[in-house]
Amino acid sequence: MASPKEDCSSITLAFMDLAIQQAKLALDSLEVPVGCVIVEDGEVIASGRNRTNETRNATRHAEMEAIDTVLEKWQKKGLSKSETAENFSKCSLFVTCEPCIMCASALSILGIKEVFYGCANDKFGGCGSILSFHSSNSNPVTSGGLPQGKDFKCSGGIMASEAISLFRSFYEQGNPNAPKPHRPLILPETQ
Amino acid sequence: MDAWQIVYVPDKPPIPPDQQSTVDVIATVIEPRLANTLVRRLNQIVPLENLRHVKRVRKKSVEGKTLLCLILCLASEHGDQFDSIPHEVQELISPHKLSTFVTKVCKYAATSKEEWEEQCKLWPTSFHPPTYSIDGITGFSEEDSRSVFSFMNSAIQLAKSGGGSVVNAAVIVDPSAKIVIATARDQIYSWHAPKDEAILETSCSERPFASHIDSNGVMSCETPGGFPDDSKQLYDDVSCLYPWRWAEQKTDMSSCCWHPLRHAAIVAIESSASRDRRLYPSSGDIQDKLVDMNSAHSSSTGSPAKRQKTNLTDVKSDWKLETCCEGSHSLAARPYLCTGYDIFLVWEPCAMCAMALVHQRIRRIFFAFPNPNAGAVGSVYRLQGEKSLNHHYAVFRVLVPAQVLDGAETCHGQPTSTVVDNYGI
């Protein structure tokens, strides 16, 4: 699924670069450096970055932050639930790391159109690495013949090396909020 | 169902007893007095390498006399079973005039106590619970069971407390101190946006019933009421059961906000995180340690290699420290996320919620009803068995007596005996 860099249009790279900027903000705040933007009709409508340490809520991933921003924005505009669902189906997410199982599942619940990600997430990935909530799912999520999950298109490997080098900086500086390891830390293998 | 019961939901789907993979072995019946010598010798010459879970000897009672059945060696897959017996084993057989027979043993070690009990009907095996040790996997004491039932009852009452529709509900508990850390109901249709976060926190986590559950395990709620039993759409509002249906639902005009992802578990995690921030403001235990560590390192120009080394030497003492902290319930110790905490959910969590509970380091999940549509701890997915994840909780299903459910047992999604079978119990 990882599409080579040269296949990416400059606009894809530009959005991913904005996601990388968000990840850098996370790094500056001693957070695991993951960032994202949500794009609707070629326009960024929300951005987000990891806030798990600050909130002490390990579910506050970049994607969840951006989703909350979008929902709040649309609710202020008075959009109904069906209008909201329709809007999500036109939105793309650009995120520096493959969404985890929780976020991928959330994106499926919302019915997002497409996800572009940087590096794969070998431990938690929900877009193929561990479980699959995107459209290449070999076992479609169905129950009694009725499609249950909404799947989304997914392409990875976009500016992956930039995303990975941010992780590397983070693990070198140490995750301030993680408990002391029982075993010595192993730096993630990269490239 | 008329009694409370706790059922472990193992990491791997249990295999029905009649579908267990087996292998053929050659066995014999021996006098008990020969057992020691023969077993010792057999373990030397033909150890059961890939069948370490299989016991070599089985007790057998014939006409009031105790005899032992002994596995000699694996049976050959092809050709004559008895010609394939290794020479050294033959040498043991002849002097004792042993008559051999072929029997079946289970090929793989049991993953749960229940599976193990089934295996032993075929031929005794040993059962080693998962390497990580979480209380309850090998059974609950009476006191622990009582507290599990009472917290589950709290969650069920909370699920019913909305007046109209039943939703999923979550209760996060610190089991060592038996205190409620956070409670939440699904908030996907009516979420009163927190203008003042403090007020929300108070209403969520500091309810009067929250600190202690009485001996009957009864938690008082504003509108206790039963599960309504007349409607087929009874559980349409349970967000983990139908996570994709949020857009089709009726709009509740009275609610000021709605949010498709505010499932009970997610809201409870948020509430426990805000309790953490309130009780242990920024200069908590963990932060202090960090500052110490950083300042120590900055003086030594802190190259990554050096840090690694320092961490290594610290590991042992830190581990000891952590172990004693876990035992005490001192308020001064700031928790790391929900480490050591349990969550009680009325319905099995969907993948989003189940993964959120991995992230937040929940120790044990208890749920009452399975979620055949989207359940991620046994029904559709089984996150507790995903080895790559950095944290693993133990999962238990709690079977709830009908009278507690208050007439809800005729509806779908209920714990009937057929659903129980999904877990191989």
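Residues numbered from 1 in each chain as written. Chains lettered and ligands numbered in written order. Predicted model: local features only at pLDDT ≥ 70, side-chain atom pairs only at ≥ 80, totals over all residues.

1. Quick word on the overall build of chain B
Across its full length, chain B carries eleven helices and ten strands. Out of the 425 residues belonging to chain B, those deemed buried represent 34%. Nonlocal contacts in chain B, meaning residues at least 24 apart in sequence, comprise 72% of its contacts between residues at least 6 apart. (Helix = DSSP H or I, 4+ residues; strand = E, 2+ residues; numbered from the N terminus. Buried ≥ 20, exposed ≤ 12 C-beta atoms within 10 Å, placed from the backbone. Contact = placed C-beta atoms within 7 Å.)

2. Here we look at the overall build of chain A
Scanning chain A from N- to C-terminus turns up six helices and seven strands. The proportion of buried residues among the 191 residues of chain A is 47%. Of all intrachain contacts in chain A linking residues separated by at least 6 positions in sequence, the fraction that spans at least 24 positions is 55%.

3. Quick word on unusual backbone geometry
Residues and elements named next belong to chain A. Despite not being glycine, Asp-41 shows a phi value in the positive range, around 50 degrees. Note that Asp-41 resides in the loop between strand 1 (35-40) and strand 2 (43-49). Asp-41 gets classed as exposed once you count the C-beta atoms within 10 Å, which come to 9.

4. Describing the environment of Ser-150 of chain B
Residue and element names in this part refer to chain B. Secondary-structure assignment places Ser-150 in helix 4 (residues 142-160). When the 20 C-beta atoms within 10 Å are taken as the criterion, Ser-150 is described as buried. Considering only alpha carbons, one finds Ser-150 and Val-23, 127 residues apart in sequence, at a separation of 44 Å.

5. Brief notes about the sheet that holds strand 7 (residues 153-155) of chain A
Residues and elements named next belong to chain A. Reading across from one edge, 2-1-3-4-7 is the order of the five strands in this open sheet, with mixed pairing throughout. Edge strands, defined here as strands with exactly one partner in the open sheet, are strand 2 and strand 7. Adjacent strand axes in the sheet meet at a mean angle of 15 degrees, parallel and antiparallel pairs treated alike. Across three bridges, the pairing between strand 4 (residues 114-119) and strand 7 is parallel. Across the sheet, the residue bridging to Phe-116 is Ser-155, located in strand 7. The sheet contacts of helix 1 (residues 10-28) involve strand 1, strand 2, strand 3 (91-97) and strand 4, and relative to strand 1 the element is tilted by about 140 degrees. (Pairing = 2+ DSSP bridges. Axes fitted to C-alpha atoms, helices over the stretch in contact; angles between N-to-C directions.)

6. A closer look at the sheet that holds strand 3 (residues 57-62) of chain B
Residues and elements named next belong to chain B. Spatial ordering of the open sheet is given by 3-4-2-5, a layout of four strands whose pairing is antiparallel. With partners counted over all chains shown, the strands left at the sheet margins are strand 3 and strand 5 (100-106), one partner each. Each strand of the sheet is rotated relative to its neighbour by a mean of 40 degrees, with strand direction disregarded.

7. Details of the nonpolar core
Residue and element names in this part refer to chain B. If you look at the biggest cluster of nonpolar residues, it comprises 128 residues, and the most contacted ones within it are Met-152, Ala-155, Ala-170, Ala-265 and Leu-345. Excluding its chain neighbours within four sequence positions, the residues that come into contact with Met-152 are Phe-344, Phe-366, Ala-368, Val-398 and Val-400. One finds Ala-27, Leu-51, Val-105 and Cys-106 within the second-largest nonpolar core, a separate group that totals 14 residues. (Core = buried A, V, L, I, M, F, W, Y, C linked by C-beta atoms within 7 Å.)

8. Section: helix 9 (residues 351-359) of chain B
Most of helix 9 of chain B sits inside the fold, with nine of its nine residues counted as buried. Listed in full, the buried residues belonging to helix 9 of chain B are Ala-351, Met-352, Cys-353, Ala-354, Met-355, Ala-356, Leu-357, Val-358 and His-359 of chain B. Along its buried surface, helix 9 of chain B packs onto helix 5 (101-110) of chain A together with helix 6 (264-279), strand 8 (342-347) and strand 9 (364-369) of chain B. In the segment just after helix 9 of chain B, Arg-361 of chain B is the residue with positive phi, at about 65 degrees.

9. Here we look at the pairing of strand 9 of chain B
All names here are of chain B. Of all six residues in strand 9, six are buried, a share of seventy percent or more. Two strands pair when backbone bridges link them, and strand 8 and strand 9 are joined in this way by five bridges, in the parallel orientation. If you follow Asp-342 over to strand 9, its bridge partner there is Arg-364. Where the polypeptide runs from strand 8 across helix 9 and back to strand 9, its parallel neighbour, the crossover connection is right-handed. Two elements, strand 9 and strand 10 (residues 394-399), share four bridges in a ladder whose sense is parallel. Within the sheet, the bridge partner assigned to Ile-365 lies in strand 10 and is Val-395. (Right-handed = clockwise from strand over helix to strand, strands pointing away.)

10. As for the packing of helix 3 (residues 62-76) of chain A against helix 5 of chain A
All names here are of chain A. Direction vectors running N to C along helix 3 and helix 5 enclose 25 degrees, while the axes themselves pass 9 Å from each other. With respect to helix 5, the axis of helix 3 lies roughly parallel. For the crossing formed where helix 3 meets helix 5, the hand is left-handed. Along the contact surface, helix 3 presents Glu-63, Met-64 and Ile-67, while helix 5 presents Cys-103, Ala-106, Leu-107 and Leu-110. Of the residues contributing to the contact of helix 3 with helix 5, the split by class is six nonpolar, no polar and one charged. (Parallel < 35°, antiparallel > 145°, perpendicular 65-115°, else oblique. Left-handed = near helix turned anticlockwise from the far one by under 90°. Nonpolar A, V, L, I, M, F, W, Y, C, P; charged D, E, K, R; others polar.)

11. Some points on the packing of helix 1 of chain A against helix 6 (residues 160-173) of chain A
Residues and elements named next belong to chain A. Put simply, helix 1 and helix 6 touch, their axes get as near as 11 Å, and they point 0 degrees apart. With respect to helix 6, the element helix 1 is oriented roughly parallel. Mapping the contact onto sequence places Ile-20, Ala-23, Lys-24 and Leu-27 in helix 1 and Glu-162, Ala-163, Leu-166, Ser-169 and Phe-170 in helix 6. For the contact of helix 1 with helix 6, a count of residues per class yields six nonpolar, one polar and two charged.

12. Quick word on the environment of Thr-22 of chain B
Residue and element names in this part refer to chain B. Assignment of secondary structure puts Thr-22 in strand 2 (residues 22-30). For the pair Thr-22 and Leu-67, spaced 45 residues apart in sequence, the C-alpha to C-alpha distance is 24 Å. Setting aside chain neighbours within four positions, we find Thr-22 in contact with Lys-104, Val-105, Cys-106 and Lys-107.

13. Remarks on the confidence of the model for chain A
Residues and elements named next belong to chain A. Across chain A, the average pLDDT comes to 85, with 80% of residues at or above 70. Here residues 1-5 scores under 50 on pLDDT; set against residues more than four positions off or in separate chains, the count is ten contacts. Below pLDDT 50 for its whole length, residues 137-147 participates in ten contacts with residues either more than four positions away or in separate chains. (pLDDT = per-residue confidence, 0-100.)

14. Overview of the confidence of the model for chain B
All names here are of chain B. Confidence in the prediction for chain B averages 75 pLDDT; 69% of positions are at 70 or higher. Per-element confidence in chain B ranges from a low mean pLDDT of 33 for helix 11 (residues 417-421) to a high of 98 for strand 8. Counting contacts from residues 194-233, a segment whose pLDDT is below 50, to residues more than four positions away or on other chains yields 57 contacts. In this model, residues 284-330 is a region of pLDDT below 50 whose contacts with residues beyond four sequence positions or in other chains number 31 contacts. Predicted complex, confidence summary: ipTM 0.87, pTM 0.70.

15. Let's talk about the environment of Ala-169 of chain B
Its place among the elements puts Ala-169 of chain B in strand 6 (residues 169-174). Every residue in contact with Ala-169 of chain B, bar those within four places of it in the chain, is listed here: Ala-155, Leu-158, Ala-159, Ala-184, Arg-185, Ala-264 and Val-346 of chain B.

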